[in-house]
There are 2 protein chains.
Amino acid sequence: MSVTSPAGFRAAGVTAGLKASGKPDLALVVNDGPLAVAAGVFTSNRVVAAPVVWSRAVVGDGVARAVVLNSGGANACTGAEGFADTHRTAEHTAAALGVDPGDLLVCSTGLIGERLPMDTLLAGVDDAVAHLSETGGDDAATAIMTTDSVSKTSHVAGEGWSVGGIAKGAGMLAPGLATMLVVITTDAVIDAGRADAALRGATATTFDRVDSDGCMSTNDTVLLLASGASGVEPAPGELEDALTRVSADLARQLVADAEGASHDIAVTVENATSEEAAVAVARAVTRSNLFKAAVFGNDPNWGRVLAAVGTVPPEVAPYDALELDVAINGVQVCRAGGVGEDRSLVDLAAHREVQVTIDLHAGGASATVWTNDLTHDYVHENSAYST
Amino acid sequence: MSVTSPAGFRAAGVTAGLKASGKPDLALVVNDGPLAVAAGVFTSNRVVAAPVVWSRAVVGDGVARAVVLNSGGANACTGAEGFADTHRTAEHTAAALGVDPGDLLVCSTGLIGERLPMDTLLAGVDDAVAHLSETGGDDAATAIMTTDSVSKTSHVAGEGWSVGGIAKGAGMLAPGLATMLVVITTDAVIDAGRADAALRGATATTFDRVDSDGCMSTNDTVLLLASGASGVEPAPGELEDALTRVSADLARQLVADAEGASHDIAVTVENATSEEAAVAVARAVTRSNLFKAAVFGNDPNWGRVLAAVGTVPPEVAPYDALELDVAINGVQVCRAGGVGEDRSLVDLAAHREVQVTIDLHAGGASATVWTNDLTHDYVHENSAYST
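Parameters at a glance
For every chain, the first residue of its written sequence is number 1, and the numbers climb from 1 along that sequence. Chain A is the first chain written and ligand 1 is the first ligand written, with later ones labelled in order. Restriction of local features to residues with pLDDT of at least 70 applies here, the model being predicted, together with a cutoff of 80 or more for giving and counting side-chain atom pairs; totals for whole chains, interfaces and linings are based on all residues. Calculation of side-chain values draws on the structure's entire complement of heavy atoms; hydrogens and water are dropped beforehand. UniProt positions are given in the numbering used here, feature names are shortened, and annotations may be inferred rather than shown by experiment. Strands here are runs of E lasting at least two residues and helices are runs of H or I lasting at least four, both read from the DSSP assignment and numbered beginning at the N terminus. Helix span is expected to be 1.5 Å times the residue number reduced by one. Relative accessible area decides the class of each residue, using a 1.4 Å probe on protein chains only: under 20% of the type maximum gives buried, over 50% gives exposed, and in between gives partly exposed. Here a strand pair is declared whenever DSSP counts at least two bridges between the two strands. Throughout, a residue-residue contact means that at least one pair of heavy atoms, one from each residue, lies within 4.5 Å. Every axis in this analysis is a line fitted to C-alpha atoms, fitted for helices over the stretch in contact. Angles between the N-to-C directions lie between 0 and 180 degrees. Each salt bridge in this description consists of a side-chain nitrogen of Lys or Arg and a carboxyl oxygen of Asp or Glu lying within 4 Å of one another. Accessible area that two parts lose when put together, evaluated with a 1.4 Å probe and summed over both, is termed the buried area. Here the nonpolar group is Ala, Val, Leu, Ile, Met, Phe, Trp, Tyr, Cys and Pro; Asp, Glu, Lys and Arg are the charged ones; every other residue, Gly included, is treated as polar. Superposing the copies works by least squares over the C-alpha atoms of residues that have pLDDT at least 70 in both of them. Domain segmentation is taken from an automatic or database assignment of domains. Pairs of N or O atoms are called polar contacts if they sit within 3.5 Å, as long as, within protein, a hydrogen donor faces a hydrogen acceptor (for residues adjacent in sequence, only side-chain-to-side-chain pairs). Angles below 35 degrees are treated as roughly parallel, those above 145 as roughly antiparallel, those between 65 and 115 as roughly perpendicular, and all remaining angles as oblique. Note on convention: the crossing is left-handed when the near helix lies turned anticlockwise from the far helix by less than a right angle, right-handed when the turn is clockwise.

The name that an unreviewed UniProt entry assigns to chain A is Arginine biosynthesis bifunctional protein ArgJ, with the source organism given as Litorihabitans aurantiacus. Check the Subcellular location (unreviewed entry) section of the UniProt entry for chain A; it says "Cytoplasm".

Re helix H6 (residues 238-256) of chain B
Under the 1.5 Å per step criterion, the end-to-end length of H6 of chain B is 27 Å for 19 residues, consistent within 8% with the ideal 27 Å. Along H6 of chain B, the residues that are buried comprise Leu 239, Ala 242, Leu 243, Val 246, Ser 247, Leu 250, Ala 251, Leu 254 and Val 255 of chain B.

What about the sheet that holds strand E15 (residues 365-372) of chain A?
Residue and element names in this part refer to chain A. In spatial order, the strands read E13-E12-E11-E14-E10-E15; together these six strands make up an open sheet with mixed pairing. Each edge of the sheet is formed by a strand with only one pairing partner; in this case those strands are strand E13 (338-339) and E15. Sitting on the sheet, helix H7 (residues 275-286) touches strand E10 (264-272), strand E14 (353-359) and E15, and the angle it makes with E15 is about 25°.

Here's the deal with the pattern of salt bridges
One pass over the structure, following the stated rule, counts 27 salt bridges over all chains. Residues Arg 245 of chain A and Asp 241 of chain A are paired through a salt bridge, measuring 3.8 Å at the closest nitrogen-oxygen approach. With Arg 245 of chain A and Asp 241 of chain A both in helix H6 (residues 238-256) and four residues apart, the pair spans about one turn of that helix. Two residues, Arg 209 of chain B and Glu 275 of chain B, come together in a salt bridge whose shortest N-O distance is 2.5 Å. Of this pair, Arg 209 of chain B sits in the loop between helix H5 (192-204) and strand E9 (221-226) while Glu 275 of chain B sits in helix H7 (residues 275-286), and the two are 66 residues apart along the sequence. Given a relative accessible area of 34%, Glu 275 of chain B falls into the partly exposed group. Overlapping salt bridges, with partners in common, bring together Arg 252, Asp 264, Arg 352 and Glu 353 of chain A in one network.

Brief notes about the pairing of strand E2 (residues 26-31) of chain B
All names here are of chain B. With six of six residues buried, E2 lies mostly within the body of the structure. The two faces of E2 match: Leu 26, Leu 28 and Val 30 on one face and Ala 27, Val 29 and Asn 31 on the other face are all buried. Two strands pair when backbone bridges link them, and strand E1 (residues 9-14) and E2 are joined in this way by six bridges, in the antiparallel orientation. Paired with Ala 12 across the two strands is Leu 28, which belongs to E2. Across five bridges, the pairing between E2 and strand E4 (residues 66-70) is antiparallel. Looking across to E4, one finds that Ala 27 is bridged to Leu 69.

Some points on the UniProt feature "binding site: substrate" (unreviewed entry) in chain A
Mapped onto this numbering, the UniProt entry annotates "binding site: substrate" (unreviewed entry) at Thr 146, Lys 168, Thr 179, Glu 259, Asn 382 and Thr 387 of chain A. Take Glu 259 of chain A: it is sitting in the loop between H6 and E10.

Thoughts on the interface of chain B and chain A
Listed per partner, the contact involves 54 residues of chain B and 55 residues of chain A. Overall, the association of chain B and chain A removes approximately 4200 Å² of surface from exposure, summing both partners, and the carbon and sulfur fraction of that is 60%. Counting across the chain B and chain A interface gives one salt bridge. When the shortest N-O distance is used, the salt bridge between Glu 114 of chain A and Arg 343 of chain B registers 3.9 Å. Mapped by element, the contributors of at least two residues to the side of chain B that touches chain A are helix H8 (289-296), helix H9 (302-309), strand E13 (338-339) and helix H10 (376-384) of chain B. Considering each element in turn, the side of chain B that touches chain A owes the most residues, six residues, to H10 of chain B. When its residues are assigned to classes, the side of chain B that touches chain A shows 27 nonpolar, 21 polar and six charged.

Quick word on the relation of the copies chain B and chain A
With an axial shift of 0.0 Å and an RMSD of 0.0 Å, the rotation relating chain B to chain A amounts to 180°. Such a combination of rotation and displacement between the chain copies is what one expects of a two-fold axis. Looking at the rotation axis and the C-alpha trace of chain B, the residue lying nearest is His 376 of chain B, at 2.6 Å.

Side note on the sheet that holds strand E3 (residues 37-42) of chain A
Residue and element names in this part refer to chain A. Strand order in this open sheet of five strands is E3-E9-E8-E7-E6, and the pairing throughout is mixed. Of all strands in the sheet, those with a lone pairing partner are E3 and strand E6 (152-157), marking the two edges. Here the average twist between neighbouring strands, direction ignored, is 10°. Both E3 and strand E9 (residues 221-226) contribute to a ladder of six bridges, which runs antiparallel. Counterpart to Phe 42 in the pairing with E9 is Thr 221. Packing of helix H5 (residues 192-204) onto the sheet brings it into contact with E3 and E9, and relative to E3 it is tilted by some 30°.

Comments concerning the domain arrangement of chain A
Residues and elements named next belong to chain A. Entries for chain A in the domain assignment read domain 1 (9-254) and domain 2 (264-384). Spacing between the C-alpha centres of domain 1 and domain 2 amounts to 32 Å. Contact residues are listed per partner, giving 11 residues for domain 1 and 16 residues for domain 2. When domain 1 packs against domain 2, close to 1100 Å² is buried across both sides, 35% of that on carbon and sulfur atoms. Measuring nitrogen to oxygen at the nearest pair gives 3.2 Å for the salt bridge that ties Asp 264 to Arg 252. Our count for the contact surface shared by domain 1 and domain 2 stands at five residue pairs in polar contact (both at pLDDT 80 or more). By residue class, the composition of the side of domain 1 that touches domain 2 is two nonpolar, four polar and five charged.

Considering the packing of helix H1 (residues 50-58) of chain A against helix H2 (residues 79-97) of chain A
Residues and elements named next belong to chain A. Where H1 contacts H2, the two axes come as close as 8 Å, and the packing angle between them is 50°. Taken together, the axis directions place H1 and H2 in an arrangement best described as oblique. Note on packing geometry: the crossing formed by H1 with H2 is right-handed. Seen from H1, the contacting residues are Ala 50, Pro 51, Val 53 and Trp 54; seen from H2, they are Gly 82, Phe 83, Thr 86, His 87 and Ala 90.

Here's what the structure looks like:
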């Protein structure tokens, strides 16, 4: 159940030969309509890959017919030649599908600073077009994997319509998105304005609140394609809710499969003066290498939580350091900025999931940001990635 | 050659028994005058340890007679009881030395969130007082070590006067200082105003530009004590220059001994619109786990440098992403935001030191921030620290 579960979509995933491993590396998702509504959210990095520049322009008019995605190369920091490669990929794919190249979205993921082998890639596109099917979503999910250990798919059904999605992303997960490629489809009848607003709303509280290693990618892209094939226009809030559920499900799968992680950590900040303040404090904790390494060692080191909370400027998140409470997996290890319950009551080894709750006692807003522990395997995977 | 090299100082380092390892854990540095000038720079963390609160108040009038430092416990997040412990430490030490408790500085380092065993600590103070000597600086440097593998000392001589220092700090090195305890002494004749200005100037371009793991400590303290025992008042700039050289030397030693590091990385940003912009861009690169893990793998992954540079907001550091140049150890691996010289020309395995130079082509300012690679040993040391 993924991008081809909603009506009006075909997909494929094939092995073009971009990856040295010989694993699938090229995916195609086609919207057969009748609508061709599209929306996109992209990395906020100032250094962006060629396909991001291209796709941001393509989706500007709210219309797209298909998206072609490759792993095995990010096509980032590749200059004018790299942009020409993306352009050529869009033109070649559009011609094969009989659509306008200006309605063809492109996504890439892999090593930065290397040109893509275009002959190999374009032959892969032809192969993918030949393999398009109404059950091809899972193959597409597999073909966009990089260091992912499992493919990620999701699906939520409405009454007569549904939302489906695929995602990849195992490192570089970060705010402003990650090396996260996500394609979400729906057969609901919506216009471009609703698609755009729904997608921005859904990403703001899901993909944007995943921070695996604090690193922001040059290639992050989350796309929504709507075919209207169900003929059903969901009531206000219904499509938005389903889209948020699919996004949250995929985001949670990304965290669970982050490079080398042995714990998933939910950092919840309560009683902040605003949601932004809560996110800022949670983000500071999710970026503390010291705290994340402690969790890897199954050490409920709440002092490192407080040290991270203390780095957030008071104008961003007002609180009194002598009122801070911290609970780890329900044990109140820190009370009023000092020692609380015995830390030995926290058994981190027993569960993959770790719940850190920080009470600021400053207001009524709250937020949760997800991250992972910092492990030997993270270091290993990221030191060996390109060599 | 350390804190007891300048005239007018005695020091000691003893084993009080605060560390399970049985290694030295209590240090004392005494200024015998005739001057008792002091200045201090402290962590900018909002969650601060009791000794930071105490010492910040003590140094407020520019006068201090001695500093007592313990490893084996940070006395942070220990509430009112923890502050009372610091107060009692100052009173006990001051009484043993025959000085005012209000002129007694206190520093602590170790695990956060645990009370110090006060009987053990105060007995250690008595022992340290008994062992004070004019050659005790090296013992003091040893007694403040935590996960440091070597003690850090430095000395720079002027004409008839000198500056000496000791430092500890192997993890949590970060902007706004680190779990860095530094004591610098001089026998130059200076007043409190000059001491304060000189210390702030020296730390701004040395300790403040070391960022090992982006984590900011609750206990960071850099102290300057001036005895005036040389009778010499250095010409304008001379004392400041010597202080900066001692600070830079100690900061460099901290980087070289950071937890688990196998490479020291100097990130230099050139042709920025301002020094602040250069520091912000350099800081972003020194905080990229992905880049730091790549360096551990001896992989000159300049794409991860650009991805980090791209996270700095344009209002902080204006530049055009298509004009960025990056050199690693002198090899111009990225030109104009795209592929430059062959990355295989960079041999990171041959040298511990890595020089990353980023040219923003935006102005005339530059700055260097030091960091380390992210290694298996970092993860190991920080996951096993408290257990």
